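The primary structure of each chain is shown beneath.
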Amino acid sequence: MKTAIIYATRSGTAEKCSAKISEMLSGESTVVNIKKVSSPDLSGYDSVIVGASIRIGKVQKEISEFVQKNLETLKAKRLGVFLCMGAGEENFNEYLSQNFPKEFLDKCKSKGFFGGEFNLERLGFLSKMMLKAASKGKPQPHIIPGNIDRFVKDFED
Ligand SMILES: Cc1cc2nc3c(=O)[nH]c(=O)nc-3n(C[C@H](O)[C@H](O)[C@H](O)COP(=O)(O)O)c2cc1C
């Protein structure tokens, strides 16, 4: 099984999770930053994992455009999707359905809620201010390694 992990990140969390998935998959895999490679060639892959992070309720536009543009090709492959986010798991399905077509989500073999991180050192002034205001008094999020394990297991099962 050959897998392409196509991700978008703002401050590195989704990138870290993509590298972790790639390390854990038993077959061959390639990690692609969609902001650097906007039209990856999917023809050599039987499986595609799409990953992104949430900012003000939305995934990076490069990722939603990639899924929209390649929907028919993607539907013929084994699919997985994951999100990095600061909010709790109760928001996960809503974020998925607001950001991806139902046709795509219905075909995903595994859907990963991976938690998130606040990487303040990689954010600009405005983002930092927004994040501080929105997260005041709330616990800091973290990546949930057990959810990445389960995601990979479900994906390969
Ligand atoms: C400006 C900003 C807005 C954010 N908005 C949301 C949000 O609406 N919902 C959420 O769950 N997390 C939100 N987050 C948290 C990020 O999803 C979290 O920090 C994630 O780990 C970022 O992943 P990345 O480094 O791959 O971009 C926001 C973070 C920032 C900096």
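Residues numbered from 1 in each chain as written. Predicted model: local features only at pLDDT ≥ 70, side-chain atom pairs only at ≥ 80, totals over all residues. Heavy atoms only, no water.

Engineer: Let's hear about the side chain of N33: which residues, and what values?
Structural biologist: When you line up the elements, N33 lands in strand β2 (residues 28-33). Overall, N33 belongs to the buried group, its relative accessible area being 14%. Within polar-contact distance, the side chain of N33 engages the backbone nitrogen of K35 at 2.9 Å. (Helix = DSSP H or I, 4+ residues; strand = E, 2+ residues; numbered from the N terminus. Buried < 20%, exposed > 50% of the residue type's maximum accessible area, 1.4 Å probe, protein only. Polar contact = N/O pair within 3.5 Å; in protein donor to acceptor, adjacent residues only side chain to side chain.)

Engineer: Can you explain the site of the ligand? Please cite residues and give values.
Structural biologist: Surveying the vicinity of the ligand reveals 22 residues, the closest of which are T9, S11, S53, I54 and E117. In the environment of the ligand, an oxygen atom lies 2.7 Å from a nitrogen or oxygen atom belonging to the backbone of R10. S53 places a polar side-chain atom, nitrogen or oxygen, 2.7 Å from an oxygen atom of the ligand. Coverage of the ligand by the protein chains reaches 90% of its 640 Å² of free accessible surface. Elements supplying a minimum of two residues to the shell around the ligand: α1 (13-24) and α6 (125-135). Looking at the shell around the ligand residue by residue, the class counts come to 11 nonpolar, 8 polar and 3 charged. (Near = heavy atom within 4 Å. Areas by Shrake-Rupley, 256 points an atom, 1.4 Å probe, with all protein chains shown as cover. Nonpolar A, V, L, I, M, F, W, Y, C, P; charged D, E, K, R; others polar.)

Engineer: Pulling in residues and values, what's your account of the UniProt feature "domain: Flavodoxin-like" (unreviewed entry) in the protein chain?
Structural biologist: The sites that UniProt annotates as "domain: Flavodoxin-like" (unreviewed entry) are residues 3-156. The annotated region residues 3-156 carries 41% helix and 20% strand content, and the separation between its end C-alpha atoms amounts to 11 Å. (UniProt positions renumbered as here; feature names shortened; annotations may be inferred.)

Engineer: Describe the sheet that holds β2, and please don't skip the residues or the numbers.
Structural biologist: Spatially, 5 strands are ordered β2-β1-β3-β4-β5 in an open sheet, and the strand pairing comes out parallel. Edge positions in the sheet fall to β2 and β5 (108-113), since each has one partner strand and no second. Pairwise comparison of adjacent strand axes, ignoring direction, gives a mean angle of 15° for this sheet. Direction of pairing for strand β1 (residues 2-7) relative to β2: parallel, over a ladder of 6 bridges. (Pairing = 2+ DSSP bridges. Axes fitted to C-alpha atoms, helices over the stretch in contact; angles between N-to-C directions.)

Engineer: Go over a nonpolar patch on the surface, please, and point to the residues and values.
Structural biologist: A grouping of F125, L126 and M129 is seen on the molecular surface, where their side chains present a nonpolar patch of about 360 Å² in accessible area. Note on placement: M129 falls in helix α6. (Patch = residues over 30% accessible without salt bridge, like charges linked within 9 Å, V, L, I, M, F, W, Y side chains within 5 Å. Salt bridge = Lys/Arg side-chain N within 4 Å of Asp/Glu carboxyl O.)

Engineer: How would you summarise a positive patch on the surface if you had to cite specific residues and measurements?
Structural biologist: The grouping of R10, K35, R55, K61 and R122 at the surface amounts to a positive patch. The residue R10 is located in the loop between β1 and α1 in this model. Under the relative-accessibility criterion, R10 is labelled partly exposed at 31%. (Lys, Arg positive; Asp, Glu negative; His and termini not counted. Charge placed at Lys NZ, Arg CZ, Asp CG, Glu CD.)

Engineer: Lay out the nonpolar core with the relevant residues and their values.
Structural biologist: Core analysis: the biggest nonpolar cluster contains 29 residues, and I6, I63, L83, F100 and F104 have the highest contact counts within it. When contributions to this core are tallied by element, the ones reaching two or more residues are β1, β3 (47-53), α2 (61-69), α3 (71-75), β4 (78-84), α4 (92-99), α5 (102-107) and β5. Not counting chain neighbours up to four residues away, the residues in contact with F100 comprise V50, V59, I63, V67, V81, L83 and L105. Ranked by size, the runner-up nonpolar core spans 14 residues in total, among them C17, I49, V152 and F155. (Core = buried A, V, L, I, M, F, W, Y, C linked by side-chain atoms within 4.5 Å. Contact = heavy atoms within 4.5 Å.)

Engineer: Give me the environment of L96: which residues, what numbers.
Structural biologist: Of note, L96 is situated in helix α4. Put simply, L96 and L74 are 22 residues apart on the chain and 17 Å apart in space, counted from C-alpha to C-alpha. Residues within four places of L96 in sequence aside, it is in contact with V81, L83, L105 and K111.

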